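Structure at a glance
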Amino acid sequence: SQTIHQWPATLVQPVGSPLSLECTVEGTSNPNLYWYRQAAGRGLQLLFYSVGIGQISSEVPQNLSASRPQDRQFILSSKKLLLSDSGFYLCAWSEEGRGYGYTFGSGTRLTVV
Amino acid sequence: LAKTTQPISMDSYEGQEVNITCSHNNIATNDYITWYQQFPSQGPRFIIQGYKTKVTNEVASLFIPADRKSSTLSLPRVSLSDTAVYYCLVGETSHSGNTGKLIFGQGTTLQVKP
C-alpha cells in the first residue's frame, strides 16, 4: 500500500534562518507531488507541484522553493525565513495524471519567531 | 480550473442529516467532483468522489444533478466527531501527463453540537 511521510511534525525557527521540509512517498512510482500551506484559520494554498524528477511548478511567488531530487522525494526549502512563512505545511501525492484522490501527509506546523 | 462556491459555515446537532451544497457553474466535461474532510492540525482526507447522479459509500453520499453545476454532500446522522472543514473540489482530467493539481477553496466549517 502507498504511504506518505512528512517531517518534522512541528518546527520553530527564527526569522532569517533556513528551512528544509521533507516528504517521501512509498509504494508507488512517478507520483504527482504537491506542497500546500495553510495559514491559521485559512484554506489551503497550493505552493508547488511536481509531475516528475526535477520538474517543479510554482503557483505563487514567495520566499520558498521546492525540489524533487528523487522520484518519491519532495523537499520544501527557504534560504531565509520570514514571519509570514509561519503556517501548516502539507505534502500530498496523487497518481500520475489524476486530478483527484489526493493523499496528504500529516503536516508540519512551522512557527517563525 | 472550475471555481467552487460553498457556505463558509454550518451548524448541526448530533443525529441529524447534514447537506452541504457546492456550486461549480464552470465545470468541464471531464472534471470529477471530489469532497475532502479536514480536522484541525491534520491533512485533508478524501471522502467521496463522483461524476454524475448519486454516489454512496460508508461515510457519505454525493448527489450531482444532470447539469453538474452543483453537488451536495450528505452526511447521515452526524456525530460530534464529524466537526471539521469540508472542501468541495473540481479536479482536472485524468489524462496522462496532466498535472492533476487541485485548488482548495475556503471550505465549509461544520460544527456539530450535542
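The preceding data block contains the structure.
Notes on the structure in this doc start here. (Residues numbered from 1 in each chain as written. Chains lettered and ligands numbered in written order. Predicted model: local features only at pLDDT ≥ 70, side-chain atom pairs only at ≥ 80, totals over all residues. Heavy atoms only, no water.)

**Re the overall build of chain A**
Stated precisely, the cut-off is as follows: Here a strand is any run of E in DSSP of at least two residues, a helix any run of H or I of at least four, and the numbering for each starts at the N terminus. Note on method: radius of gyration uses C-alpha positions; expected globular size equals 2.2 Å times residues raised to 0.38. A 1.4 Å probe rolled over the protein chains alone gives each residue an accessible area, and that area as a share of the maximum for its type sets the label: buried under 20%, exposed over 50%, partly exposed in between. Method for areas: the Shrake-Rupley scheme with a 1.4 Å probe, in which residue coverage is limited to the protein chains shown. This count recognises Lys and Arg as positive and Asp and Glu as negative, with His and chain-terminal groups excluded. We put the charge of a Lys on NZ, of an Arg on CZ, of an Asp on CG and of a Glu on CD.
Each helix and strand counted, chain A has 0 helices and 11 strands in total. Its C-alpha atoms give chain A a radius of gyration of 13 Å, within 12% of the compact-globule value 13 Å for 113 residues. In terms of overall dimensions, chain A has a C-alpha envelope of 40 × 25 × 20 Å along the principal axes. The buried share among the 113 residues of chain A stands at 48%. With an accessible surface of roughly 5000 Å², chain A has 51% of that area assigned to carbon and sulfur atoms. Computed over 8 positive and 7 negative side-chain charges, the separation of the two mean positions in chain A equals 10 Å.

**Here's the deal with the overall build of chain B**
Quick reminder of the rule: Only heavy atoms matter for contacts: two residues are in contact if any of them lie within 4.5 Å across the pair.
Along its length, chain B carries 0 helices and 9 strands. Counting helices and strands in the order they occur from the N terminus, chain B gives β-β-β-β-β-β-β-β-β. Compactness check: chain B gives a C-alpha radius of gyration of 14 Å against a globular reference of 13 Å for 114 residues, within 12% of the reference. Projected onto the principal axes, the alpha-carbon positions of chain B cover approximately 45 × 30 × 25 Å. Across the 114 residues of chain B, 46% fall into the buried class. Put simply, 57% of the contacts in chain B that link residues at least 6 apart link residues at least 24 apart. Summed over all atoms, the accessible surface of chain B reaches about 5700 Å², with 50% contributed by carbon and sulfur. In chain B, which carries 9 positive and 8 negative side-chain charges, the distance between the mean positions of the two groups comes to 5 Å.

**A closer look at unusual backbone geometry**
At the junction of tryptophan 7 of chain A and proline 8 of chain A, the peptide bond is cis and its omega measures out at 0° in the coordinates. Even without glycine at this site, serine 41 of chain B takes up a positive phi of about 60°. Among the residues examined, serine 41 of chain B registers a relative accessible area of 48% and is labelled partly exposed. The phi torsion at arginine 68 of chain B lies on the positive side, around 60°, for a residue other than glycine. Relative to the elements of secondary structure, arginine 68 of chain B occurs in the loop between strand S6 (61-64) and strand S7 (70-75).

**Examining the sheet that holds S7 of chain B**
Residue and element names in this part refer to chain B. Which entries qualify depends on this criterion: Here the rule is simple: two strands pair whenever DSSP picks up at least two bridges between them. Axes here mean lines fitted to C-alpha atoms, for a helix over just the part in contact, with angles spanning 0 to 180 degrees between N-to-C directions.
Across the sheet, 4 strands lie side by side as S2-S7-S6-S5; this open sheet has antiparallel pairing. Strands at the two margins of the open sheet, each flanked by one partner only, are strand S2 (18-23) and strand S5 (53-56). Across the sheet, the mean angle from the axis of one strand to that of its neighbour is 15°, orientation sign disregarded. As defined by bridge partners, S6 adjoins S7 across 3 bridges and the pair is classed as antiparallel. Within S7, the residue paired with leucine 62 across the bridge is leucine 73.

**Quick notes on the pattern of salt bridges**
The line we're drawing: Put simply, a salt bridge is a Lys or Arg side-chain nitrogen that is within 4 Å of an Asp or Glu carboxyl oxygen.
Going through the model one piece at a time under the given rule, you end up with 3 salt bridges over all chains. Linking aspartate 71 of chain A and arginine 68 of chain A is a salt bridge whose minimum nitrogen-to-oxygen distance equals 3.3 Å. Ionic pairing is found between lysine 113 of chain B and aspartate 11 of chain B, a salt bridge with its closest N-O pair at 3.4 Å. With lysine 113 of chain B in strand S9 (residues 108-113) and aspartate 11 of chain B in strand S1 (residues 9-13), the pair connects residues that are 102 residues apart, well separated along the chain. Judged by its relative accessible area of 30%, lysine 113 of chain B falls in the partly exposed class.

**Describing the side chain of serine 78 of chain A**
Residue and element names in this part refer to chain A. Our working definition: For the purposes of these results, a polar contact is taken to be a pair of N or O atoms within 3.5 Å, where, inside protein, one atom must be able to donate a hydrogen and its partner to accept one; residues adjacent in sequence count only when each atom of the pair is a side-chain atom.
Take serine 78: it is sitting in strand S8 (residues 73-78). At 3.2 Å, the side chain of serine 78 and the side chain of asparagine 63 are in polar contact. Apart from residues no more than four positions distant in its own chain, serine 78 is found in contact with Pro18, Leu19, Asn63 and Leu64.

**Describing the packing of aromatic side chains**
Using the following cut-off: Each Phe, Tyr or Trp ring (for Trp, its six-membered ring) is paired with any other whose centre lies within 6.5 Å, and the angle between the two planes then decides the class: stacked below 30 degrees, edge-to-face above 60, tilted in between.
For the structure on display, the rule yields 8 aromatic pairs over all chains. Measuring from ring centre to ring centre gives 5.8 Å for tyrosine 102 of chain A and phenylalanine 104 of chain A, while their planes differ by 50°; the resulting arrangement is tilted. Residue tyrosine 102 of chain A is classed as buried on the basis of its relative accessible area, which comes to 2%. Among the aromatic residues, ring-to-ring pairing joins Tyr34, Tyr36, Tyr102 and Phe104 of chain A together with Tyr36 and Phe46 of chain B into one connected group.

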